[in-house]
Amino acid sequence: LKPLRLKRRPRFPSLEPPPSVTPTAMVKYSREAKNGSKSCKAMGVDLRVHYKNTYETARAIKGMSLRVAQQYLEDVCEKKRCVPFRKYTGCIGRTPQAKEFK
């Protein structure tokens, strides 16, 4: 007896959009800035970072001014302050530095 061979579908289907779909914009932001000269937008694609870490870091600096956020992130890199994990808390250690966020 010969082994039965099944036809397989291709692993990666065509990455091109169908001809009926026309791409309009790459990104849709939820709102526009009131003062465009004092704000910025950022987007990352195919970055080698973990989503959960990025989410918690972005949530920690949300609403801070630029200088305060830069100083905060520098302190995090020097391990003087921590980024509190509020949503994704599984397997995350506790540190006394998180008391400032209570």
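Residues numbered from 1 in each chain as written. Predicted model: local features only at pLDDT ≥ 70, side-chain atom pairs only at ≥ 80, totals over all residues. Heavy atoms only, no water.

Engineer: Would you explain the packing of aromatic side chains in this entry?
Structural biologist: To describe a pair of aromatic rings, you give the distance between the ring centres and the angle between the ring planes. On inspection of all chains with the given rule, the structure shows three aromatic pairs. Ring centres of Tyr51 and Tyr55 lie 6.1 Å apart, and the angle between their planes is 35°; on these two criteria the pair is classed as tilted. Of the two residues, Tyr51 and Tyr55 are both situated in helix α1 (residues 51-61); the distance of four residues between them amounts to about one turn of the helix. Accessibility expressed as a relative area gives 55% for Tyr51, which makes it exposed. Ring centres 6.2 Å apart and planes at 75° place the aromatic pair Tyr51 and Tyr88 in the edge-to-face group. (Phe/Tyr/Trp six-rings, centres within 6.5 Å; stacked < 30°, edge-to-face > 60°. Helix = DSSP H or I, 4+ residues; strand = E, 2+ residues; numbered from the N terminus. Buried < 20%, exposed > 50% of the residue type's maximum accessible area, 1.4 Å probe, protein only.)

Engineer: How should the layout of surface pockets be read in this particular structure?
Structural biologist: Picture a little ball the size of a water molecule; that probe, rolled over the atoms, points out where space is still empty. Of the volumes computed, that of the largest pocket is approximately 1,300 Å³. In terms of lining residues, the largest pocket is bounded by 25 residues, among which Cys40, Lys41, Ala42, Lys62 and Gly63 are the most central. Secondary-structure elements contributing two or more residues to the lining of the largest pocket are α1 and α2 (66-77). Element by element, the count of residues in the lining of the largest pocket is highest for α1, at six residues. (1 Å grid on protein atoms, 1.4 Å probe; cavity = no way out; pocket = protein on both sides within 12 Å on 5 of 7 lines; lining within 4 Å. Points joined across faces, edges and corners; volume = space filled by probe spheres on them.)

Engineer: I'm lost on the packing of α1 against α2 in this one. Help?
Structural biologist: Any two packed helices are characterised by how steeply their axes cross, that is the angle between the axes, and by the distance between the axes. Where α1 contacts α2, the two axes come as close as 10 Å, and the packing angle between them is 135°. It follows from the interaxial angle that α1 and α2 lie oblique. The chirality of how α1 crosses α2 is right-handed. Only Ala69, Tyr72 and Leu73 of α2 make contact with α1, whose side of the interface consists of Thr57, Ala60 and Ile61. Looking at side-chain class alone, the contact of α1 with α2 contains five nonpolar, one polar and no charged residues. (Axes fitted to C-alpha atoms, helices over the stretch in contact; angles between N-to-C directions. Parallel < 35°, antiparallel > 145°, perpendicular 65-115°, else oblique. Left-handed = near helix turned anticlockwise from the far one by under 90°. Contact = heavy atoms within 4.5 Å. Nonpolar A, V, L, I, M, F, W, Y, C, P; charged D, E, K, R; others polar.)

Engineer: Honestly, the pattern of salt bridges in this entry has me stumped. Any pointers?
Structural biologist: Should the charged atoms of two oppositely charged side chains come close, the side chains can pair. Scanning all chains against the criterion turns up two salt bridges. Ionic pairing is found between Glu78 and Lys80, a salt bridge with its closest N-O pair at 3.1 Å. Using a relative accessible area of 48% as the deciding quantity, one classes Glu78 as partly exposed. Arg81 is the partner of Glu100 in a salt bridge, and the nearest nitrogen-oxygen pair spans 2.9 Å. One end of the pair, Glu100, is in the segment after α2; the other, Arg81, is in the segment after α2, and 19 residues separate them in sequence. The class for Glu100 is partly exposed, based on a relative accessible area of 44%. Here Arg81 falls in the partly exposed class, since its relative accessible area comes to 25%. (Salt bridge = Lys/Arg side-chain N within 4 Å of Asp/Glu carboxyl O.)

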